[in-house]
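Letter by letter, the chains look like this.
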Amino acid sequence: MRKNHHLISKVTINAIRELYLGGNFNHRAAGRSLRISPNTVSNYVKQFRKMEELYPGKIRNNRFFLPSEIKLPQPPERKLVLLALLPDLVKADINKRLTAVNLWRAYKLIHPNGYSEPGFNYIYSRWRALNKINVFANSKVQHLTADELRTLESWRHHNIRRYWQQAIVIKGSFEGKTPFELADRTGCAIETVEEWIALFKAEGLTGIERKSNSNKEEVAAKVTRRIDNLIKILHQSPSIFGINRTSWSLDTLASTFVSEYKDNMSSATAQAYLKSRGYGFRKAREVLTSPDPNFKEKLDKVIAIVSTLGTNDKFFSIDEMGPFAIRIRGGRSIMKLDNRKTIPAHPIPKGYLICTAALELSTNQVTHFYSPNKSTSEMIKLMDLLMIQYRTADKLYLSWDAASWHNSKILKDHIKEVNTTEYRDINHTPIVAIAPLPVSSQFLNVIESVFAGLAKSVLHNSDYASTEDCKRAIDKYFETRNAHFIANPHKAGNKIWGKEIVKPSFYEAHNCKDPRVR
């Protein structure tokens, strides 16, 4: 009996209800008096009996009717067959990634008259989403022994990066992470991650360990002789070898080595050999020219924004510092003239940091955090943080260089989303606008000067025990800097803080970039 879709009127139904409540009655006579068939009367009597069983207190309520019984349509037979077969098809697939086309081909071998590829793809995609089947389900590491877990844990703390990467990949796959996530975490290619997982599943840890070279000592001795011979050439003037140059280049070094020792060497190999002995080409260089053909138009736009900022508008200079290694560092310091501070030529880093920061020019306040990489997602994270921190502002202008992750479609779409009226009404956030700098014009990015002061204050002459110690020093630096300008409020530019290169204000003649700070 459907609540609002009865075959007869509710008045007639309630008349049958009254006859039913009155006791036994003749269905045929009731049908004649109500002008309906006796079968209809009998059907409603059955409904009232069911109502008495399920809802005994509502049988006398003329406004209450049994809820309609919805019968779900049954899927066709071949769909049931496919749904029953899908788990076996997935389990039997030998490819690194599950793809609908490979599964469909296997399905057609079993059921030649089954679904076409589009129909199969539709059912398979819904089944995979419903059962949360990952496309890498078959390439996942299924088992790890206690010994393997101990070995992987020791690899995580190894000073050779490859061992750390392999430990993250194998253990992460066992924990359910996808190869894409592991590739992003370790910085490896997705193909390398899949190869390591496949080798481990086939051969265990021995399959992914570096194979030791049987003639390792002989090869090392040969490399040492080649480096020694290259250094011998380097210590002599190019003119001795008939080269019309006052200093060596990598190409001339390599070609001279080949002619003198009759042994092949490329300029890249020569560079690697020199680097292994602590040699390198050093050249003073400051990038003060932008190749951007629209340099003037972009610069004029930024200047116009800065010069016409509203009283409640905020302009941010944004960039990332790093990645820089946490290691013992040299630098200028006060000491006795007969003493000389020494540091290892190639100290082992204790970690790496990337500091993402934004300098607000009107209040001279720095907002910062640490990022695992330079990417669009980190820029979105910073933007969302600034919208919360400066919620009461009318408009936020974000100024950064022309890096690809500063100009991605995902970032632009996110800006469009946060600027919609619906989003702003719900989250009470200001409008966000972009003021991009010209290409290769880091010297105009004011935050670079702040990074230079930071490096000179807390990185030069440092030897932090860990990345956490370095983070605490950086946090303390920005905390002290922000506190100073809160206590002495004035626009950025009226004060040079510490060892920063220039006043933190936008000016087209500034060179904010310190070439010694990445």
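Residues numbered from 1 in each chain as written. Predicted model: local features only at pLDDT ≥ 70, side-chain atom pairs only at ≥ 80, totals over all residues. Heavy atoms only, no water.

## A few points about the overall build of the protein chain
Selection rule: Where helices and strands are cited, they refer to DSSP runs of H or I of at least four residues and of E of at least two residues respectively, numbered from the N terminus. A 1.4 Å probe rolled over the protein chains alone gives each residue an accessible area, and that area as a share of the maximum for its type sets the label: buried under 20%, exposed over 50%, partly exposed in between. Contact definition: two residues touch when any of their heavy atoms are within 4.5 Å. Note on areas: Shrake-Rupley, 1.4 Å probe, and residue coverage restricted to the protein chains presented here.
Within the protein chain, the secondary structure is distributed over 20 helices and 5 strands. Taking all 518 residues of the protein chain together, 38% fall into the buried category. For the protein chain, contacts bridging at least 24 residues in sequence account for 65% of all contacts bridging at least 6. Carbon and sulfur atoms make up 52% of the accessible area of the protein chain, which totals about 31,500 Å².

## What about the layout of surface pockets?
Where we set the bar: Cavity and pocket criteria rest on a 1 Å grid covering protein atoms alone: a 1.4 Å probe that fits but cannot get out defines a cavity, protein on both sides within 12 Å along at least 5 of 7 lines defines an open pocket, and an atom within 4 Å of a point defines a lining residue. Grid points are joined across faces, edges and corners, and a volume is the space filled by probe spheres set on the points. As a working rule, the residues Ala, Val, Leu, Ile, Met, Phe, Trp, Tyr, Cys and Pro are called nonpolar, Asp, Glu, Lys and Arg charged, and the rest polar, with Gly in that last group.
Quantified by volume, the second largest pocket comes out at close to 1,100 Å³. The wall of the second largest pocket is formed by 27 residues, among which Arg161, Trp164, Lys350, Gly351 and Tyr352 lie closest to the centre. For the lining of the second largest pocket, the elements supplying multiple residues, two or more each, are helix H8 (161–174), helix H9 (179–186), strand E2 (352–360) and helix H20 (467–487). Looking at the lining of the second largest pocket, its residues break down into 10 nonpolar, 9 polar and 8 charged.

## Overview of the confidence of the model for the protein chain
Should the pLDDT be low somewhere, the predicted coordinates at that spot are not to be read in detail. Rules: How sure the predictor is of each residue is captured by pLDDT, a score from 0 to 100.
With 84% of its residues at a pLDDT of 70 or more, the protein chain shows a mean pLDDT of 81. By mean pLDDT, the top-scoring element of the protein chain is strand E3 (residues 365–370) (94), and the lowest-scoring one is helix H15 (residues 295–307) (79). pLDDT under 50 marks residues 507–511. Its contacts with residues more than four places away, or in other chains, come to 14 contacts.

## So, the state of the cysteines
As a reminder of what qualifies: Counting rule for disulfides: a pair of cysteine sulfur atoms within 2.5 Å.
Inspection of every chain in the model, using the stated rule, returns 0 disulfides. Counting only cysteine sulfurs, Cys470 is the nearest neighbor of Cys355, a cysteine outside any disulfide, at a range of 9.2 Å. A relative accessible area of 1% places Cys470 in the buried class.

## Considerations on the packing of helix H4 (residues 77–92) against helix H5 (residues 100–110)
What counts here: Lines fitted to the C-alpha atoms define the axes, with helices restricted to the stretch that makes contact. Angles between their N-to-C directions range from 0 to 180 degrees. Small angles under 35 degrees read as roughly parallel and large ones over 145 as roughly antiparallel, with 65 to 115 read as roughly perpendicular and the rest as oblique. It is the rotation of the near helix from the far one that decides the hand of a crossing: anticlockwise by less than a right angle makes it left-handed, clockwise makes it right-handed.
Direction vectors running N to C along H4 and H5 enclose 120 degrees, while the axes themselves pass 11 Å from each other. Taken together, H4 and H5 sit at an angle that is classed as oblique. As for the relative orientation of H4 and H5, their crossing is right-handed in sense. Side by side, H4 and H5 meet where Leu82, Leu85, Leu89 and Val90 of the first sit next to Leu103, Ala106, Tyr107 and Ile110 of the second. Taken together, the residues that form the contact of H4 with H5 break down as 8 nonpolar, no polar and no charged.

## Thoughts on the pattern of salt bridges
Should the charged atoms of two oppositely charged side chains come close, the side chains can pair. The criterion, for reference: Only one rule defines a salt bridge in this text: a Lys or Arg side-chain nitrogen within 4 Å of an Asp or Glu carboxyl oxygen.
Summed over the entire model, instances satisfying the criterion amount to 8 salt bridges. For the salt bridge of Lys350 with Asp463, the shortest nitrogen-to-oxygen distance reads 2.8 Å. With Lys350 in the loop between strand E1 (313–325) and E2 and Asp463 in the loop between helix H19 (447–459) and H20, this residue pair connects regions lying 113 residues apart in the sequence. Using a relative accessible area of 40% as the deciding quantity, one classes Lys350 as partly exposed. With a shortest N-O distance of 2.9 Å, Asp413 and Lys409 are connected by a salt bridge.

## As for the packing of aromatic side chains
Quick note on the threshold: Within 6.5 Å between ring centres, the rings of Phe, Tyr and Trp (the latter by its six-membered ring) count as paired, and their orientation is classed by plane angle as stacked under 30 degrees, edge-to-face over 60, tilted in between. Cation placement over rings: the criterion is NZ of Lys or CZ of Arg within 6 Å of the ring centroid and within 35° of the ring normal.
By the definition in use, this model includes 10 aromatic pairs. Ring pairs connect the aromatic residues Tyr107, Phe120, Tyr124 and Trp127, which therefore count as one cluster. Directly above the aromatic system of Phe65 lies the positively charged group of Arg17, at a separation of 5.6 Å from the ring centroid. Sitting over the face of the ring of Tyr115, Arg78 holds its NZ or CZ atom 4.0 Å from the ring centroid.

## So, the nonpolar core
As a reminder of what qualifies: The set of buried Ala, Val, Leu, Ile, Met, Phe, Trp, Tyr and Cys residues whose side-chain atoms join them within 4.5 Å is what this entry labels a nonpolar core.
Met321, Phe324, Val458, Cys470, Ile474 and Phe478 are the most contacted members of the largest nonpolar core, which has 33 residues in total. If you list the elements that add at least two residues to this core, you get H15, E1, E2, E3, H19 and H20. Tallying contributions element by element places H19 first for this core, with 7 residues. In terms of nonpolar packing, the next biggest core, distinct from the first, is built from 20 residues, Val169, Ala183, Ile197 and Phe200 among them.

## Some points on the sheet that holds strand E5 (residues 431–434)
Here is the rule: If DSSP finds at least two bridges between two strands, the strands pair.
Within the open sheet, the 5 strands sit side by side as E3-E2-E1-E4-E5. Their pairing is mixed. Lying at the two open borders of the sheet, with one neighbouring strand each, are E3 and E5. Taking each pair of neighbouring strands and ignoring which way they run, the sheet shows an average axis angle of 25 degrees. Summarising the sheet, strand E4 (residues 395–399) and E5 pair through 4 bridges and their orientation is parallel. The residue bridging Leu396 from the neighbouring strand is Val432, located in E5.

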